[in-house]
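Survey of secondary and tertiary structure
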Amino acid sequence: MTGTANHGHSLPLTDTEILRIRNDFPILEQLVNEQPLVYLDSGATSQNPLSVMEAEQEYYEQRNSAVHRGAHTLAVAATDVFEDARSTVAAFIGADDNELVWTQNATAGLNLIAYSFGNASVGKVCDAAKKFAVGPGDEVLVTEMEHHANLIPWQELCRRTGATLRFIPIYDDGTLDMAAAATLITERTKVLAFTHVSNVTGVINPVAELVALAHAVGALVVLDACQSAPHLPLDVKALDVDFAVFSGHKMLAPTGIGGVYGRAALLDAMPPFLTGGSMITTVTMEEAGYLPAPQRFEAGTQPISQAAALAAACNYLSETGMARIHAWEAELGKRLVKGLEGIEGIRVLGPPAGVPRAGLAAFEVAGVHAHDVGQFLDAAGIAVRVGHHCAQPLHRRLGLNSSTRASTYLYNTTAEVDAFLAAVAGVRAYFGVEGASL
Amino acid sequence: MSALDSLYQQIILEESKTRRGGDLRDDQLDGQHLPANVGQCHQLNPVCGDEITLRIETAEDEVSGIHWAGDGCSISMASASILSDMVVGLNRAEVAALIANFREVMRSRGKLVADEEILGDAAALSGVSKFPARVKCAMLAWVAAEDALNQTR
Ligand SMILES: Cc1ncc(COP(=O)(O)O)c(C=O)c1O
């Protein structure tokens, strides 16, 4: 060990390691349309390793019970699993245990935050909650590259409260216009919500610069870490964001589990969104007191086995090494972009080869609609995403209404990327549009 | 023929470029203040963004014209083109029967064989029924036509 902590210099995974990793993912070993499956849709949802499925099964075989409720042995065991999972996942993103709230997914997490801000903005609220209130004259700022999950909850918050929604534009290469950001972030800005990594262009946003601008005017920062938590070493404390959200199913875990990180002092002061059982102290017929975070935001029976599975997924990722995973995917991303740029009639969305990006690439094929591209690739056993990838404004900005996206993860090989590139090279000939231009 | 080739038959690839009837002008897209013999419908598949605005003109009981503007995959565009070539001159009952037959074939998951006597060139789209995710693409123009025609008097 040289002891270097700079993940920019971590060695990527090797082919031998990836072959070993692939053995942990039984789903990858199948034929699709008589071809070996090439799964390049992890940006939408990732696959689960055996250890994750075993964690879920073990929970149901040995400990299934209600958490935080019973006095019996199984209930204690289940509570232990649930809270140990919280510690593991919190540590994985650099948070303290009481700073991680379970949600169904990132979308639910962003809604939790936006609705809690909304609850702080109307009716009688205590002084501590006032810092979350927005109203007429206040601005909520997002970016033009957001997934709908980090746009519509803010549109709705502004509609309910009278605050104004504004957005930071992007350049043609998909990167954020930081000069515009500097002028758009003002004393009126109460919330800045943006994605860490774009799910379409693979752009990695300058979090530190944006946080500095926002904090200088006292705005709260909400980070959509959906495409970063699974793929790079994430430390919410080092990034100094106020809130962050992520989805388990994009990071080797099952569906139905995700999380919200919030600074402890903020979470404890924020009004709850969902209310009911398990989040209260004293309840009378007239009113109720609320537990501190995270329980205050976890009304009702929680996704316990899913939490256990997500913890197992984080352990799997940590043992493999997030810095090495990131380095590997950066190589795959570079290979994807270079390869695609070399094919006639293909336009890659986002920065050109050579600029750092996540291990994914969305592209346009001249004369062929994304849906047809995806169908053609599927016949070759290659799974990609087609459509607007829940980012209509971004596509519109780039002059498109859909694209095809290949997204990689730690289990993808260079051979798979090459197979994908070879298949893409045949698309335009198949559809008879070799003459068409972009 | 591979499943892919049965989906993308030559006639479909050609029709998707010919786009017969695809001449609705931008200033006609809003479909406001149409006379009673004209109906117009906008259909969008939010999953993939396929989109069509289709106008039907009638004279007495018959379809006398069809015009559309759209953007989408080859299946949706070819389907609109083929439809446009088929419906002019048919009466309401004939159009309804045609659409019903096409819909039944599309929803059959590959079990029904299209009758070329009834469906003409649209029979070439029967390969779509084996791809449930694409049925919506093929149906887009037909659903729009059904709705547009129902608006006319
Ligand atoms: C950047 C980004 N944000 C939010 C989401 C929403 O995630 P989920 O559908 O799991 O809530 C996604 C997933 O597609 C995403 O890529």
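All figures in this text were calculated on a predicted structure; none of them were measured in a lab. (Residues numbered from 1 in each chain as written. Chains lettered and ligands numbered in written order. Predicted model: local features only at pLDDT ≥ 70, side-chain atom pairs only at ≥ 80, totals over all residues. Heavy atoms only, no water.)

**So, the pattern of salt bridges**
Where charged atoms from two side chains of opposite charge approach closely, those side chains can pair. Residue and element names in this part refer to chain A. In total, this model carries 25 salt bridges over all chains according to the counting rule given. For the salt bridge of Lys 190 with Asp 138, the shortest nitrogen-to-oxygen distance reads 3.7 Å. Of the two residues, Lys 190 is situated in strand β7 (residues 189-195) and Asp 138 in the loop between α4 (106-121) and β5 (139-143); the sequence distance between them amounts to 52 residues. The exposure class assigned to Lys 190 is partly exposed, which follows from its relative accessible area of 28%. Overall, the relative accessible area of 16% leaves Asp 138 in the buried class. (Salt bridge = Lys/Arg side-chain N within 4 Å of Asp/Glu carboxyl O. Helix = DSSP H or I, 4+ residues; strand = E, 2+ residues; numbered from the N terminus. Buried < 20%, exposed > 50% of the residue type's maximum accessible area, 1.4 Å probe, protein only.)

**Some thoughts on the interface of chain B and chain A**
Contacts between the two partners involve 20 residues from chain B, matched on the other side by 14 residues from chain A. The junction of chain B with chain A conceals about 1,300 Å² of combined surface from both sides, 52% of it contributed by carbon and sulfur atoms. For the side of chain B that touches chain A, the secondary structure elements donating two or more residues are α1 (3-7), α2 (10-18) and α3 (74-87) of chain B. Of all the elements, α1 of chain B adds the most residues to the side of chain B that touches chain A, at three residues. Here the side of chain B that touches chain A is composed, by residue class, of 12 nonpolar, three polar and five charged. (Contact = heavy atoms within 4.5 Å. Buried area = accessible area lost by both parts, 1.4 Å probe. Nonpolar A, V, L, I, M, F, W, Y, C, P; charged D, E, K, R; others polar.)

**Remarks on the sheet that holds strand β6 (residues 164-168) of chain A**
Residue and element names in this part refer to chain A. Within the open sheet, the seven strands sit side by side as β4-β10-β9-β8-β7-β5-β6. Their pairing is mixed. Edge strands, defined here as strands with exactly one partner in the open sheet, are β4 (100-103) and β6. Within the sheet, the average angular offset between the axes of one strand and its neighbour, ignoring direction, is 20°. Where β5 meets β6, five bridges bridge the pair, whose relative direction is parallel. Paired with Val 142 across the two strands is Phe 167, which belongs to β6. (Pairing = 2+ DSSP bridges. Axes fitted to C-alpha atoms, helices over the stretch in contact; angles between N-to-C directions.)

**Section: the confidence of the model for chain A**
One rule of thumb: low pLDDT means the predicted coordinates there are not for detailed reading. Confidence in the prediction of chain A, expressed as mean pLDDT, is 95, and 98% of residues score 70 or more. Low pLDDT, under 50, characterises residues 1-7 of chain A; the predicted model gives this stretch three contacts beyond four residues in sequence or across chains. (pLDDT = per-residue confidence, 0-100.)

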